[in-house]
Amino acid sequence: MFDLNPYHLQNASLLHFLMLQGTALLGYLIFSHYYEQRLRNLMTTRRLLETDTDGIPLIEPEVEEVFVVTPGSDDLKEIAGINAKAEAILNGIGIFRFEQLAQTPVTTVRRVLAEHGPLLFTYDPVTWPGQAGLAANGRWDELRSWQEQMRRGNNLDYTHLLS
């Protein structure tokens, strides 16, 4: 088999340790130079992209025009991923019903949640309108099945349920 100390040197373990330390130091120096160069290239690219996009105005939909006031309210915490804080934020901007959440674009939901500070979500808000659509149509069995699949970590395509 392979012998680490073929000449039976007394300081063989120290020599092995020093060689490993030298290799680690050499690797650090090489890769730190590589990543510094890569960071400089990325920063240059970022500056170029920022100057290119400075003149382009951002067009965002108005949040108020998306929501229609409907009487009553639903328990939005039935949607997987919506906790009490997220429900309070959604209620604060006028989303009280599953129908309203189902008709809200995902980009608007993400923007509104981001504007109200960092929150911890169990599930991605991209599924919230779809889940709300199922709940609004009273398709609770399909909704619960989808939520169970999400809890298990299966990212199955449920777009056929939303039609």
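Parameters and conventions
- Residues numbered from 1 in each chain as written.
- Predicted model: local features only at pLDDT ≥ 70, side-chain atom pairs only at ≥ 80, totals over all residues.
- Heavy atoms only, no water.
- Helix = DSSP H or I, 4+ residues; strand = E, 2+ residues; numbered from the N terminus.
- Buried < 20%, exposed > 50% of the residue type's maximum accessible area, 1.4 Å probe, protein only.
- Contact = heavy atoms within 4.5 Å.
- Areas by Shrake-Rupley, 256 points an atom, 1.4 Å probe, with all protein chains shown as cover.
- UniProt positions renumbered as here; feature names shortened; annotations may be inferred.
- Axes fitted to C-alpha atoms, helices over the stretch in contact; angles between N-to-C directions.
- Parallel < 35°, antiparallel > 145°, perpendicular 65-115°, else oblique.
- Left-handed = near helix turned anticlockwise from the far one by under 90°.
- Nonpolar A, V, L, I, M, F, W, Y, C, P; charged D, E, K, R; others polar.
- Core = buried A, V, L, I, M, F, W, Y, C linked by side-chain atoms within 4.5 Å.
- Salt bridge = Lys/Arg side-chain N within 4 Å of Asp/Glu carboxyl O.

(A) Structural context of the overall build of the protein chain. What the protein chain contains, in helices and strands, is seven helices and zero strands. Each helix and strand of the protein chain, ordered N terminal to C terminal, gives the series α-α-α-α-α-α-α. Looking at the 163 residues of the protein chain, the share that counts as buried comes to 26%. Considering only residue pairs separated by 6 or more positions, the protein chain has 52% of its internal contacts joining residues 24 or more positions apart. Element-wise, carbon and sulfur atoms account for 60% of the exposed surface of the protein chain, whose accessible area totals about 11,900 Å².

(B) Summary view of the UniProt feature "transmembrane region" (unreviewed entry) in the protein chain. The UniProt record marks residues 12–31 with the feature "transmembrane region" (unreviewed entry), using the residue numbering of this structure. Across residues 12–31, the secondary structure splits into 100% helix and 0% strand, with the terminal C-alpha atoms separated by 28 Å.

(C) Up close: the packing of helix α6 (residues 128–136) against helix α7 (residues 140–152). Two elements in contact, α6 and α7, have axes whose closest approach is 8 Å; the angle formed by their N-to-C orientations is 155°. As judged from the angle between their axes, α6 and α7 are roughly antiparallel. Here α6 runs over α7; the crossing is left-handed. Seen from α6, the contacting residues are G130, Q131, L134 and A135; seen from α7, they are W140, E142, L143, W146, Q147 and M150. Among the residues making up the contact of α6 with α7, the classes are represented as six nonpolar, three polar and one charged.

(D) Main features of the nonpolar core. Counting residues in each nonpolar core, the largest one holds 20 residues, and the members touching the most others are L76, I79, I82, L90, F98, L101 and W128. At the level of elements, α3 (84–92), α4 (98–103), α5 (106–115), α6 and α7 are the ones that each hand at least two residues to this core. No other element matches the four residues that α6 contributes to this core. The contact partners of F98, leaving out residues within four places of it in the chain, are D74, D75, L76, E78, I79, A132, A135, A136 and W140.

(E) Structural view of the environment of L90. Inspection of the secondary structure assignment puts L90 in helix α3. As for L90 and V112, which are separated by 22 residues in sequence, their C-alpha atoms are 8.1 Å apart. With near-sequence residues (within four places) excluded, L90 lies in contact with L76, I82, I95, L101 and W128.

(F) Inspection of the pattern of salt bridges at higher detail. Applying the stated rule across the entire model yields ten salt bridges. Residue K77 pairs with E87 through a salt bridge whose shortest N-O separation is 2.8 Å. Highlighted residues: K77 in the loop between α2 (63–66) and α3 and E87 in helix α3, separated in sequence by ten residues. With relative accessibility at 41%, the residue K77 sits in the partly exposed group. In this structure, E142 and R139 form a salt bridge, with 2.7 Å as the shortest nitrogen-oxygen distance. Residue class for E142 comes out partly exposed when judged on its relative accessible area of 29%. With a relative accessible area of 22%, R139 lands in the partly exposed category. Taken together, the shared-partner salt bridges in this structure form one network comprising D74, R97 and E99.

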